[in-house]
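# Chain and residue survey
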Amino acid sequence: MEVSGLPVELWQLILSYLRLPDLGRCSLVCRAWYELILSLDKTRWRQLCLGCLKHRHPNWPNQPSVEPRSWREAFKQHYLASKTWTKNTQDLESSNCLSLFQRRKGWRRLCVGTGGEFDSLRAALAAASPYDCLVLLPGVHEEQGEVLLKVPVELVGQGKLGDVVLLASIDQHCPTARLCNMVFMPARFTSVLYKTTSGYVQFDNCNFESGQLQIHAPGTCQVKFCTFRQSSIHLRSVALCVLENCEFTGSENASVTVEGCPSSDRNWACKHLAMLAKSCAASMWEPSVAKRDGWGESLLDPVRTCEIVVAEEQSSFLSAVSAQALLGSAQEDTEFGENLQAAKEEEYLALDSNSSDSDLRSNDEEDAQAAYKLPYQAHSLSHMLADVTYSRLQSNRLHALQRDLKLKSLQQELQQDKEAQSLANSLQGCIIRQCLFRDGKGGIFIYSRGQAKLEGSIFRGLTYAVRCIQNSKVIMLRNDIHHCKASGIFLRLSAGGLIADNNIHSNCEAGVDIRKGANPLVLCNKIHSGLRSGIVVVGNGKGIIRSNQIYGNKEAGIYILYNGNPAVSGNHIFQGLAAGIAVNENGRGQITGNVICENQWGGADIRHGGDPILRNNLISCGYSDGVVVGEHGRGLIEGNAIYGNRGCGVWMMSSSLPLLINNQISHNSIYGVAVFCHKDDTGDYLPGQEGTESFQEEREGAGGENDPDNEEKYLAARRPIHVALVELNSINHNGAAGLYVKSSEALNIIANVIHANRDGGVAVLQSSQLTRIANNSISCNSHGGVLVEAGCQVELRGNGIYENSSHGIISKGEGIIMENDIIGNHRCGLQLLQAADMKVTKNRIQSFRDYGIALFDEAKGLVQENLIFQGRSRKSILRPMSNAEDCIIQNNMLLTFKKRFDMECTLINPPARPHIKGSALGSCTAAGGQRVSSITTRVDGGCHNHRSIFCTIL
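Within each chain, residues carry numbers counting from 1 in the order of the written sequence. In keeping with the predicted nature of the model, local features appear solely for residues at pLDDT of at least 70, side-chain atom pairs appear and are counted solely at 80 or more, and the whole-chain, interface and lining totals rest on all residues. The side-chain quantities take in all heavy atoms of the structure and omit both hydrogens and water.

## Observations regarding the overall build of the chain
The helix count covers DSSP runs of H or I at least four residues long, the strand count covers runs of E at least two residues long, and both are numbered beginning at the N terminus. A count of helices and strands for the chain gives 22 helices and 75 strands. Counting only residues that meet the buried cut, the chain has 59% of its 954 residues in that class. Restricting the contact set of the chain to residue pairs at least 6 apart, pairs at least 24 apart contribute 53%. Remark: exposure states derive from per-residue accessible area (1.4 Å probe, protein chains only) relative to the maximum for the residue type, with buried under 20%, exposed over 50%, and partly exposed in between. By definition, residues are in contact when any of their heavy atoms lie within 4.5 Å.

## With respect to the side chain of Gln831
Along the chain, Gln831 falls in strand E67 (residues 830-832). Setting aside anything within four residues of it in sequence, one finds Gln831 in contact with His807, Ile809, Ile810, Ser811, Ala854 and Phe856.

## Overview of the packing of aromatic side chains
A pair of Phe, Tyr and Trp rings is counted when the ring centres sit within 6.5 Å of each other, with Trp represented by its six-membered ring. The angle between the planes then sorts it: under 30 degrees is stacked, over 60 is edge-to-face, the rest tilted. For the coordinates displayed, the defined rule picks out 15 aromatic pairs. On the numbers, 5.7 Å between centres and 40° between planes, the contact of Trp85 with Tyr131 is tilted. Placement of Trp85 in the loop between helix H5 (71-84) and helix H6 (96-106) and of Tyr131 in the loop between helix H7 (121-127) and strand E2 (132-136) is noted, with a sequence separation of 46 residues between them. Using a relative accessible area of 2% as the deciding quantity, one classes Trp85 as buried. Between Tyr551 and Phe574, the ring centres sit 4.9 Å apart and the planes meet at 15°, which makes this aromatic pair stacked. Taken together, the residues span a long stretch of sequence, with Tyr551 in strand E36 (residues 549-551) and Phe574 in strand E39 (residues 572-574) at a distance of 23 residues. Taking NZ or CZ as reference, Arg467 lies 5.5 Å from the ring centre of Tyr464, over its face. Note on geometry: a ring has a charge over it if NZ (lysine) or CZ (arginine) is within 6 Å of the ring centre and within 35 degrees of the ring normal. A cation over an aromatic ring shows up here: Arg467 above the ring of Phe490, its NZ or CZ 4.8 Å from the ring centre.

## Some points on the packing of helix H2 (residues 20-27) against helix H3 (residues 31-38)
Axes here mean lines fitted to C-alpha atoms, for a helix over just the part in contact, with angles spanning 0 to 180 degrees between N-to-C directions. H3 packs onto H2 with a crossing angle of 140° between their chain directions and a minimal axis gap of 7 Å. If you check the angle between H2 and H3, you find them oblique. Residues Leu23, Cys26 and Ser27 of H2 lie in contact with H3, whose contacting residues are Trp33, Tyr34 and Ile37. Polar here means any residue other than Ala, Val, Leu, Ile, Met, Phe, Trp, Tyr, Cys and Pro, which are nonpolar, and Asp, Glu, Lys and Arg, which are charged; Gly is therefore polar. Of the residues in the contact of H2 with H3, the class split is 5 nonpolar, 1 polar and no charged. Just so you know how the angles are binned, under 35 degrees is roughly parallel, over 145 roughly antiparallel, 65 to 115 roughly perpendicular, and the rest oblique.

## Points about a negative patch on the surface
Patch members must show over 30% relative accessible area and no salt bridge, and they are joined within 9 Å when carrying like charges or within 5 Å when they are nonpolar side chains of Val, Leu, Ile, Met, Phe, Trp or Tyr. Each accessible area value is a Shrake-Rupley result obtained with a 1.4 Å probe; residue values ignore everything except the protein chains displayed when judging cover. The salt bridge criterion pairs a side-chain nitrogen of Lys or Arg with a carboxyl oxygen of Asp or Glu, the two atoms within 4 Å. Positive charges come from Lys and Arg, negative ones from Asp and Glu, while His and the chain ends are left out of the count. Note that the charge is assigned to NZ on lysines, CZ on arginines, CG on aspartates and CD on glutamates. Together, Glu814, Asp837, Asp857, Glu858, Glu885 and Asp886 make up a negatively charged patch on the protein surface. As for its placement among the helices and strands, Asp886 is situated in the loop between strand E73 (877-878) and strand E74 (887-890). The class for Asp886 is partly exposed, based on a relative accessible area of 38%.

## Structural notes on the pairing of strand E47 (residues 634-638)
Among the 5 residues in E47, 4 count as buried, and that is most of the element. A pair of strands is labelled paired if DSSP reports no fewer than 2 bridges between them. Inspection of the sheet shows strand E44 (residues 613-615) paired to E47 by 3 bridges, in the parallel sense. Within E47, the residue paired with Arg615 across the bridge is Glu638. When E47 meets strand E50 (residues 657-661), the two strands line up parallel, connected through 5 bridges. The partner of Glu638 across the bridge, within E50, is Ile661.

## Focus on a nonpolar patch on the surface
The grouping of Leu10, Leu13, Ile14 and Tyr17 at the surface amounts to a nonpolar patch, some 420 Å² of accessible area in total. Locating Leu10 in the fold gives a position in helix H1 (residues 8-15).

## Things to note about the pairing of strand E34 (residues 535-538)
Neither face of E34 is exposed, since Ile535 and Val537 on one face and Val536 and Val538 on the opposite face are all buried. Relative to E34, strand E31 (residues 512-515) is paired through 4 bridges, and the arrangement is parallel. Looking at the pairing, Ile514 lines up with Val537 of E34. As defined by bridge partners, E34 adjoins strand E37 (residues 558-561) across 4 bridges and the pair is classed as parallel.

## What to know about the state of the cysteines
In protein chemistry, a disulfide is the covalent bond that joins the sulfur atoms of two cysteines. Put simply, a disulfide is two cysteine sulfurs that come within 2.5 Å. All chains considered together, the criterion is met by 0 disulfides. Take Cys435: it sits in no disulfide, and the sulfur closest to it among the cysteines is that of Cys246, at 4.6 Å. Accessibility expressed as a relative area gives 0% for Cys435, which makes it buried. Cys508 takes part in no disulfide bond, and the closest cysteine sulfur, belonging to Cys484, lies 8.4 Å away.

## With respect to the environment of Cys435
Turning to its location among the elements, Cys435 is positioned in the loop between strand E20 (429-433) and strand E21 (436-438). As for Cys435 and Ser457, which are separated by 22 residues in sequence, their C-alpha atoms are 4.7 Å apart. When neighbours within four sequence positions are excluded, Cys435 is seen to be in contact with Asn62, Leu243, Glu244, Asn245, Cys246, Phe248, Gly456, Ser457 and Ile458.

## What to know about the pattern of salt bridges
Scanning all chains against the criterion turns up 33 salt bridges. Taking the shortest distance from any N to any O, the salt bridge between Asp417 and Arg546 comes out at 2.8 Å. Of this pair, Asp417 sits in the loop between helix H16 (410-416) and helix H17 (418-425) while Arg546 sits in strand E35 (residues 544-546); the two residues are 129 residues apart in sequence, bridging distant segments of the chain. With a shortest N-O distance of 2.3 Å, Asp501 and Arg478 are connected by a salt bridge. Remark: Arg478 occurs in the loop between strand E26 (473-477) and strand E27 (480-482) and Asp501 occurs in the loop between strand E29 (496-500) and strand E30 (503-505); sequence separation between them is 23 residues. In this pair, the class of Asp501 matches that of Arg478, namely buried. One connected set of salt bridges, linked through shared partners, spans Lys224, Glu244, Arg433, Lys453 and Glu455.

## Topic: unusual backbone geometry
Leaving glycine aside, a negative phi is the common case for residues, and trans is the common case for peptide bonds. Between Trp60 and Pro61 the backbone carries a cis peptide bond, its omega angle lying at 5°. Mapped onto the fold, Pro61 is located in the loop between helix H4 (41-51) and H5. Note the cis peptide between Ala217 and Pro218, where omega equals 5°. By the secondary structure assignment, Pro218 is in the loop between strand E13 (212-216) and strand E14 (220-224). A positive phi angle is found at Phe225, which is not glycine, with a value near 55°. The class of Phe225 is buried, set by a relative accessible area of 7%. Backbone geometry places Asn891, a non-glycine residue, at a positive phi of 60°. Tracing the chain through its elements places Asn891 in the loop between E74 and strand E75 (893-895). For Asn891, a relative accessible area of 54% puts it in the exposed group.

## Here's the deal with the environment of Ser264
Structurally, Ser264 can be placed in the loop between strand E19 (254-259) and helix H8 (270-285). For Ser264, a relative accessible area of 75% translates into the label exposed. It is 9.1 Å that separates the C-alpha atoms of Ser264 and Ser237, two residues lying 27 residues apart in sequence.

## Details of the packing of H1 against H3
Describing two packed helices takes the angle between their axes plus the distance from one axis to the other. Relative orientation of the contacting elements H1 and H3 amounts to 75°, with a least axis distance of 10 Å. Relative to H3, H1 is oriented roughly perpendicular. In contact with Val8, Trp11 and Leu15 of H1, H3 contributes Trp33, Leu36 and Ile37. Considered class by class, the residues forming the contact of H1 with H3 number 6 nonpolar, no polar and no charged.

## A few points about the side chain of Asp41
With respect to the helices and strands, Asp41 occurs in helix H4. Buried charge without a partner: Asp41 forms no salt bridge, and the closest opposite charge is Lys42, 4.8 Å away. If we skip the residues at most four places from it in the chain, Asp41 touches Arg46, Arg69, Ser70, Trp71 and Arg72.

## Remarks on the confidence of the model for the chain
Of all residues in the chain, 76% attain a pLDDT of 70 or more, and the chain-wide mean is 80. Within a predicted model, pLDDT stands for the predictor's per-residue confidence, ranging from 0 to 100. Confidence drops under a pLDDT of 50 for residues 89-105, and excluding neighbours within four residues, the segment shows 8 contacts in the predicted structure. The low-confidence segment residues 679-692 (pLDDT under 50) makes 33 contacts with residues lying over four places distant or belonging to another chain.

## Examining the environment of Leu125
Tracing the sequence through the fold places Leu125 in helix H7. Along the backbone, Leu125 and Leu110 are 15 residues apart, and their C-alpha atoms lie at a distance of 9.5 Å. Residues contacting Leu125, with those up to four places away along its chain left out, are Leu134, Val147, Leu148, Leu149 and Val153.

## A short note on H3
Those residues of H3 lying buried are Trp33, Leu36 and Ile37. Buried residues of H3 fall within an arc of 100° about the axis and therefore sit on the same side. What the arc measures is the spread of directions leading from the helix axis to the C-beta atoms.

Structure, rendered in structure tokens:
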């Protein structure tokens, strides 16, 4: 009959009454009939799949309410699974067809139990031939001694699951066997339910109660749709085994233990299992986007509302950078524009840029001042100042920043990282797929070079989900790990592997805990809502942590301590209740290219010997400081964009020795960079990092397990640094002083652009050791350019101090002011007050309406060979000192302009300062005679592009 003879709906109703063999015959009629049979997927095929007592829902146990993509395909897989155990290639040596025919001819069906042919399983096995099917009738079957399987057989329970209970310990001595639809309980004399040391065993739709399965190489197994209650599987050196769609509950130890390196002696079934694993893996990757969305909100949802408010036109480059970096490719430009406009002027109102250079002077004075304005825009740092003034980064740098900080997908990571791709595709050891581990002590325990691969499984309510130790390897893809009582994933003792695309949340300890030389790849995970840190790297732990979304954890997003040394790059770390990244107790790490925003404490927090490389990160919108370098903190902080934080951009203690180089530090609510000398009130740890987790083992052993080769390289690269360095940074539009110093130790401030901050440019309030301020551009700040309080020791050399709203320099302290250009400031160029004792030589000074140099009170020192340009006020040097004999003023020059051309040529020979080229820098010395070459040493020991000018020259 033609298919078109009846409506499709009527055909589907008629065909829904056919049995399985009849459906198969109909599908062979023609293509039209084949497609008609396929159209029964949600009716007859669904009914057949769910109606079989030996089959469970295809998405059991994790998603039993979700329909599979094809009920027919699910039914097919169930059916084929009952046949694969017979594919023993060792029995097919002569002729495949002949052997198969002979085997089928000899198959028998033997019934065991009350009313059956045999009273006991032992008696049935004694009479069984290879590949016979032993049907256990409903009831309890108990065997007093160990049962040996010497011939390949199939044991099937009749009726519903639970009708057949088998109390026995079975030892397999045959090449293959299958057990289906039974409840296994341990015999009185042992807890071992089943073991094999050579053959392949397949379990389908079984329950295991309070016992253990033992599979030893070259034996192997396939376990599908089984339940383990207080039961476990122990796999020793297994080349390849598969656990699929199983449920593990109430385990007293690990539910699955994988021990030993995968054996090279492979069982005949390994080829079949490898093909099965590859086909299932391909099907899992297809719906990855839907599954990711099913986890809940994506990273971008909370970050989109991050109010990076830059209300003035001058900082529009920040909005562009932050928008593209935070939103990545998932947010359209128009949508971001609307969000940014809505957020405008709601937060950070103090940052509204009344301090920009265009607003510093009134309209009445502009014309008059223009007549006396000396052109200084061509100094050596003018390119950095141009970016700030015009409120944008150069287009190539902006595009590079957008590209580098966009969150990558796992597919992109695997395409770029061949090692990760190889791990993701590897098939060795134990493969655990779409299983549920709940309400027990442990999930998976891997040790002694064991290997396991976990895909699409759920771990919840356990003490720990995965422990991987002793040079073992774990591969975890698309798993859900939550509400563990300790850490979710624990790696130690040189363990490794790949942890990718997992959802790790709400654990009582760290989401991922890396210790004792463990070195995993941690890629593209969501690690959030933990009661402690997101990732902890402790005790010489390593690892590559890349492209993860880490947010909402009560402690640091990533916590590095006790010589932990991971590579952390391309992550989005946000909305944590403590620091974004904390480096403590001699922790190290290379932290590059991350987006760190909206954290309650410092975006990066470095203390107690922490010595990381913090490079090219976006650190923004924090509720405290951007970067905190606490007591005895170290590290290279280079090339970061630090902006929009409610505290300081960078907060440093004077007992710390960081290198702060080439950062963009802007639009922070308080200081751009602050250096304090008082002890840290927060103690050894930030609030929320002072938990009960013990690191005593790592603390005691941290010094003894270092890799000698790595230590030697590190010490060779990390030469001693005795003076903290702030160099080549752009510090602009911050809510208070650009750089605030209240220090008890020496500090070098070199070649920075300090521009348009809402207080002074540089304020030195306490400095018992020498603070060296050299070759900086300090301009357009709302108060003075430089303030030096009484008792401070400073060296001001080679700076350009331009157009600040108050005095250029105010000094009450001691030191040297030499070869600076102090031009266009709205009050005096230089004021020496109280007991100031300064040597002021070879400076070029101009004030528009006040004195070039003003000396008051008991100021003393030497003022000589300065060039003072005439301003509107025609005032040069004011000296109402009470002890004029202690202040020597000699050989200063006053220059009056007659033509506009004279003014334009004023700062040409030498050019406007700062000068950051030439041999002059090489001769500059630091406190205690320390050479520049010593204080600018790099963590990585090299001189690269866009790094220290000093390092490049030397």
